[in-house]
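# Descriptive structure summary
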Amino acid sequence: MTNQTLERPETLDPSLPGRFADGSAHAMFANLRREAPVHWCADSQFGPFWSVSRYDDIVAIEAQPALFSSEAKHGGVSIIDINPAEASYLESFIMMDPPRHAQKRRTIAPAFTPSEMTRLTGSIRTRTAACLDALPRGEVFDWEERVSIPLTIDMLAILFDFPWDERENLRIWSDAITSLDMIANRPQERVGLLFQMAGRFHQLWQERLAAEPAPDLLSMMIHSQSFGEMDAAEFMGNMATLIVGGNDTTRNSMSGLAEALTLWPGQWDRLRADPSLIANAASEIIRWQSPALHMRRTAIEDVEFKGHRIRKGDKLVLWYVSANREERLFPDGELFLVDRPNARRHLSFGYGIHRCVGARLAELQLQVLIEEMLRRDIRLEAAGPVERAAHPFLAIVNAVPVRIG
Ligand code: HEM
């Protein structure tokens, strides 16, 4: 591991994917927050970009969507520019600015109200309990493979009312959308998978359109007025957003939870002694893990920001992973503390008009997981190094080897 504190801001490239695999990004961001909170990187594998690493600055930018755009035509919401060909068949409201955005978001939002969450709690609990009961005791297993992946894929299948025995495809498509390796080295294979996804969802679209409206997300979208007029590209884009939004992020939070509990077993004792901390612990893991490492915006005109001249078309990368450990707000931010008083202030769900629409669902899944683990006193011990992907956008965990102690 390189010593990031020795890197000079003038030559620093915060986006080097390896930093996110070996965890060295945290020391680098502490340095950036102190030395260069609005930092220009002139050259990287993702092109030139600004890094915004302080909490208040990120909030200030997200609060001005008219100036700092999410639109696909400007490159979208990740440091990895959306390629124009892809934008033509993946148009989603996460990559839309006002006024189009609000109209679309309003259709999805009813699927995530508190009453919908209450309706879903029973099935989340049943699946979580069955998953935990099937885990081996005293043997090494991969938490990612046995818990995080199946729980989040099943959840998506329930949300969409996706054919149950085909749900493994949701994982394959989700991985294809985000995989850096596929984007760079296997574009044909990736496009093939995206078309497969498009084909299957198109069939489902036709079926649900012909059927009576139902409470699943697909039917809700198809029968709504604002989405009713959407074309195939927009439909696919929304599916892709929901699959990645609902899958990778929650999956990686669940894996982060297992890792944190093996690193700080005292926090498990704390939760056992006081289960009223469970909801806070779920927020704390989302803060600590920062499942979406950043979101990106593009300046749509020249603007002065914190003494820097941002030019029209410049890419701004808003590093949540940094803001979530900002010393002023989150002292000892590298620690996982189930009773951290302001854990809920994390920026992992973003801020402003695009703030995560699925936040309640993600929190609910984590809370139920912790509750059911507590009920069984599933105390995790590390059984090998956690494997992370070298990815600058999502905190992707590949394996968490553990043993139930
Ligand atoms: C821990 C889990 C999650 C994290 C960390 C997360 C993170 C985020 C973030 C940072 C944004 C803001 C994007 C922006 O500002 O450009 C976002 C938006 C979104 N998320 Fe999540 N998400 C999570 C879970 C979910 C779930 C479970 C779903 C749905 C099943 C979901 C669906 C969405 C959608 C549809 C948007 C777009 C909202 C909009 O543009 O108005 N997310 N998410």
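Here's what I pulled together on the structure shown here.

Each value, and the rule that gives it
Residues numbered from 1 in each chain as written. Predicted model: local features only at pLDDT ≥ 70, side-chain atom pairs only at ≥ 80, totals over all residues. Heavy atoms only, no water. Helix = DSSP H or I, 4+ residues; strand = E, 2+ residues; numbered from the N terminus. Buried < 20%, exposed > 50% of the residue type's maximum accessible area, 1.4 Å probe, protein only. Contact = heavy atoms within 4.5 Å. Areas by Shrake-Rupley, 256 points an atom, 1.4 Å probe, with all protein chains shown as cover. Donors = N, O, S within 2.8 Å, 3.2 Å for Na, K, Ca; no water. Phe/Tyr/Trp six-rings, centres within 6.5 Å; stacked < 30°, edge-to-face > 60°. Lys NZ or Arg CZ within 6 Å of the ring centre and 35° of its normal. Pairing = 2+ DSSP bridges. Axes fitted to C-alpha atoms, helices over the stretch in contact; angles between N-to-C directions.

### Focus: the overall build of the chain
- Helix and strand counts for the chain come out as 17 helices and twelve strands.
- Counting only C-alpha atoms, the chain reaches 55 × 55 × 40 Å along its principal axes.
- Across the 405 residues of the chain, 58% fall into the buried class.
- Partitioning the intrachain contacts of the chain with sequence separation of at least 6 by distance along the chain shows that 71% fall at a separation of at least 24.
- Accessible surface computed for the chain: about 16500 Å², of which carbon and sulfur atoms make up 54%.

### Digging into the coordination of the iron atom of the ligand
- Donor atoms from the protein around the iron atom of the ligand number only one, Cys356 (SG), found at 2.3 Å.
- Structurally, Cys356 can be placed in the loop between α16 (320-323) and α17 (359-375).

### A word on the side chain of Ser174
- As for its position among the elements, Ser174 is in helix α8 (residues 168-178).
- For Ser174, a relative accessible area of 0% corresponds to the buried category.
- Those residues in contact with Ser174 that sit more than four places away from it in its chain are Ile243, Val244, Asn247 and Asp248.

### Observations concerning the packing of aromatic side chains
- For the structure on display, the rule yields 14 aromatic pairs.
- Their ring planes at 15° and their centres at 5.5 Å tell us that Phe20 and Trp319 sit as a pair that is stacked. Taken together, the positions of Phe20 in helix α1 (residues 18-22) and Trp319 in strand β8 (residues 315-319) put the pair 299 residues apart, joining distant regions of the chain. Grouping residues by exposure puts Phe20 and Trp319 together as buried.
- Aromatic rings pair up to connect Phe160, Phe162, Trp173, Phe201, Trp205 and Phe235 into one cluster.
- The ring of Phe330 carries the charged tip of Arg287 above its face, separated from the ring centre by 5.5 Å.
- Sitting over the ring of Trp40, Arg311 keeps its end group 5.2 Å from the ring centre.

### Looking at the sheet that holds strand β9 (residues 380-382)
- Taken in spatial order, the three strands of this open sheet run β4-β12-β9, and their pairing is antiparallel. The sheet terminates laterally at β4 (141-142) and β9, the two strands that pair on one side only.
- Bridge count between β4 and strand β12 (residues 401-404): two bridges; the pairing is antiparallel. Bridge pairing in β12 places Asp142 opposite Pro401.
- On the sheet, helix α13 (residues 232-263) packs against β9 and β12 and is oriented at approximately 80° with respect to β9.

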